[in-house]
Amino acid sequence: MIQVNEILKLALFHNFNILCGEQYLNNTVNATVILEYESSRIHYEGYGYGYFVLVSYFFASTNPELVNGSLKNLIQKHISAIALKIHPTEKLPADIIQLAVNNHVPILTFYDEFMEDLIININESMKTRAQYIINEEKLNLIINGTLDQDAIRKKAIEINSNFKANAITACMISKEEATNLKIHTYFDNLMYRQFNTADSYPYSFIKFGLNLILVCTFDDDELKNLSVYSHIKKLIMDSGFIPGAFFMGICDTPLNLNQLNESLMKAQTASIICKFNKADSLIYNNIGIYKYVIPLINNKIFKNDIIKKINILKEYDKIHESYLLKTLISHTYNNGDYKETSNKCFQHINTIRYRIKKAEHLLSLEESTADEEIILLIRCYLLLQALKEEKSEG
């Protein structure tokens, strides 16, 4: 299943024009056919919503009544879209265009492309989409399931039978607003590139929510002189992606394929911290304190405690029209530097000290460890916010 607007993003449809019905390009397509003009099928029994019909208008010069009548019949059946092969100088009758608009049927026009190639392009896209939905389910089992290591390796081989013994992974979060349409477009472009070659690859791009997962595999000998980041960046570019368009987290430590779940979770964590820090890319081994923060905020009891403490600060700020939480966030971003926080908040340093002491008192923090606890609390809170945004996008 695919939408008309997604079809227009496929490789062979870039030169298509929208004649009418642009507001209906979200119509769903589950069947693609070429119009036949035989009189026995003039009523096109069985055609209806979900059909994307390719039509040649070249016969209109010899038999306009048959061609235009067929178009009207199709439109009145509320098919999802018509792709009309028509000479750029020729015009479609105004009554057909109006009928299409009234029946919510977009009409697209093209001239140079072969209809059979267009059908193959659409069908391959739908087949590929079905496959990466299956692969996404398998990946979810690997990451979130209870598979043992042997089952993890077998499930990985089901995703790509060309996977080798060792895996390095990357998780890519789009810097632009991520949508299913955008993710589908990535995979449609990737499918088209790979469809034109007969090669097999020891790596796979896999959809996971609204993120892209890259699993690269290698033999032991290949790892000896491997520059992981350079290899991944080249692979992404060669596959038609722009590295700078993503927040990319990488688990650059080669792990056996039966430990793919561990590698993927590390890459995911690195990508979240990468987005949190607004960096282009980040390796798991370089995420610092967040290696320990992530497990904390995934603990339900600890997460509830964070939310409770933050709500105390928010309530105080609301009642007293103060800026305790905002000050603590700035203080954390400045790594506990009072002078720098004072400059960023345009407040005297004593005001900053007072606000932080007030927050420590409200939260009943132990004086000897209050400084560290405040910064850890705010880091956890900010990361929780980032994770909340990530889940809402997915």
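A quick note: this is a predicted structure, and the numbers were derived from the prediction, not measured.

The rules behind these values
Think of each chain on its own: its residues are numbered from 1, step by step along the sequence as written. Local features in this predicted model are restricted to residues whose pLDDT is 70 or higher, and side-chain atom pairs enter the listing and the counts only when it is 80 or higher, whereas totals over whole chains, interfaces and linings include all residues. Hydrogens and water are ignored here; the side-chain numbers use all heavy atoms of the structure. Secondary structure elements follow DSSP: runs of H or I of four or more residues count as helices, runs of E of two or more count as strands, with numbering from the N terminus. Burial status follows relative accessibility: with a 1.4 Å probe on protein chains alone, a residue under 20% of its type maximum counts as buried, one over 50% as exposed, and anything between as partly exposed. Here the open area of atoms and residues is found with the Shrake-Rupley method and a 1.4 Å probe, where only the protein chains shown may cover a residue. Within this scheme the basic residues Lys and Arg register as positive and the acidic residues Asp and Glu register as negative, but His and the chain ends are omitted. By convention, charge coordinates are those of NZ in Lys, CZ in Arg, CG in Asp, or CD in Glu. Salt bridge criterion: a side-chain nitrogen from Lys or Arg within 4 Å of a carboxyl oxygen from Asp or Glu. With axes taken as lines fitted to C-alpha atoms, and helix axes fitted only over the stretch in contact, angles between N-to-C directions fall between 0 and 180 degrees. If an angle is under 35 degrees, it is roughly parallel; if it is over 145, roughly antiparallel; if it lies from 65 to 115, roughly perpendicular; otherwise it is oblique. Note on contacts: a residue pair is in contact if any heavy atoms of the two residues lie within 4.5 Å. Only strands joined by at least two bridges in the DSSP assignment are considered to pair. When the strands point away from the viewer and the path from the first strand over the helix to the second turns clockwise, the crossover is right-handed.

## So, the overall build of the chain
Consideration 1: Tallying secondary structure elements over the chain gives 14 helices and 12 strands in all.
Consideration 2: Taken along the three principal axes of its C-alpha coordinates, the chain extends 90 × 60 × 35 Å.
Consideration 3: Burial analysis of the chain (394 residues in total) assigns 47% to the buried set.
Consideration 4: Carbon and sulfur atoms form 51% of the exposed surface of the chain, whose accessible area is close to 20400 Å².
Consideration 5: Averaging the coordinates of the 40 positive side-chain charges in the chain and doing the same for the 45 negative ones gives two points 6 Å apart.

## Brief notes about the pattern of salt bridges
Consideration 1: Summed over all chains, the structure comprises 14 salt bridges.
Consideration 2: Measuring nitrogen to oxygen at the nearest pair gives 3.9 Å for the salt bridge that ties K164 to D219. Placement of the pair is K164 in the loop between α5 (149–159) and β8 (166–174) and D219 in the loop between β10 (211–218) and α7 (228–238), with a sequence separation of 55 residues.
Consideration 3: Classification of D219 by relative accessible area gives partly exposed; the value is 36%.
Consideration 4: Put simply, K175 and D280 hold a salt bridge, and the shortest N to O gap is 2.3 Å. Taken together, the positions of K175 in the loop between β8 and α6 (180–195) and D280 in the loop between α8 (260–276) and β12 (281–283) put the pair 105 residues apart, joining distant regions of the chain.
Consideration 5: Counted as one network, the salt bridges with shared partners bring together K138, K155 and E158.

## Looking at the packing of helix α4 (residues 115–144) against α8
Consideration 1: α8 packs onto α4 with a crossing angle of 95 degrees between their chain directions and a minimal axis gap of 8 Å. In this view, α4 runs roughly perpendicular relative to α8, as classed from their interaxial angle. Contacts between α4 and α8 pair L139, I142 and I143 from the former with L260, N261, L264, M265 and Q268 from the latter.

## Observations concerning the pairing of strand β6 (residues 81–85)
Consideration 1: Most of β6 is tucked away, with 5 of its 5 residues classed as buried.
Consideration 2: Taking every second residue as pointing to the same face, both faces of β6 are buried, with A81, A83 and K85 on one and I82 and L84 on the other.
Consideration 3: Where strand β5 (residues 51–56) meets β6, 5 bridges bridge the pair, whose relative direction is parallel. From the neighbouring strand, V55 faces β6, where its bridge partner is L84.
Consideration 4: In this sheet, strand β7 (residues 107–110) lies alongside β6 in parallel orientation, the contact comprising 4 bridges. Of the residues in β7, the one forming a bridge with L84 is T109.
Consideration 5: Note that the unit made of β6, helix α3 (residues 94–102) and β7 has a crossover that is right-handed.

## Details of unusual backbone geometry
Consideration 1: The phi dihedral of K278 falls on the positive side, at around 55 degrees, and the residue is not glycine.
Consideration 2: Along the chain, the position of K278 falls in the loop between α8 and β12.
Consideration 3: The phi angle at F346 is positive, at roughly 55 degrees, despite the residue not being glycine.

## Notes on the sheet that holds strand β2 (residues 17–20)
Consideration 1: Strand order in the open sheet formed by 5 strands is β2-β7-β6-β5-β4, with mixed pairing between adjacent strands. Each having just a single partner strand, β2 and β4 (31–34) make up the two edges of the open sheet. Across the sheet, the axes of successive neighbouring strands diverge by a mean angle of 25 degrees, strand direction being ignored.
Consideration 2: Each of β4, β5, β6 and β7 touches α4; the most contacted strand, β4, lies at about 170 degrees to it.

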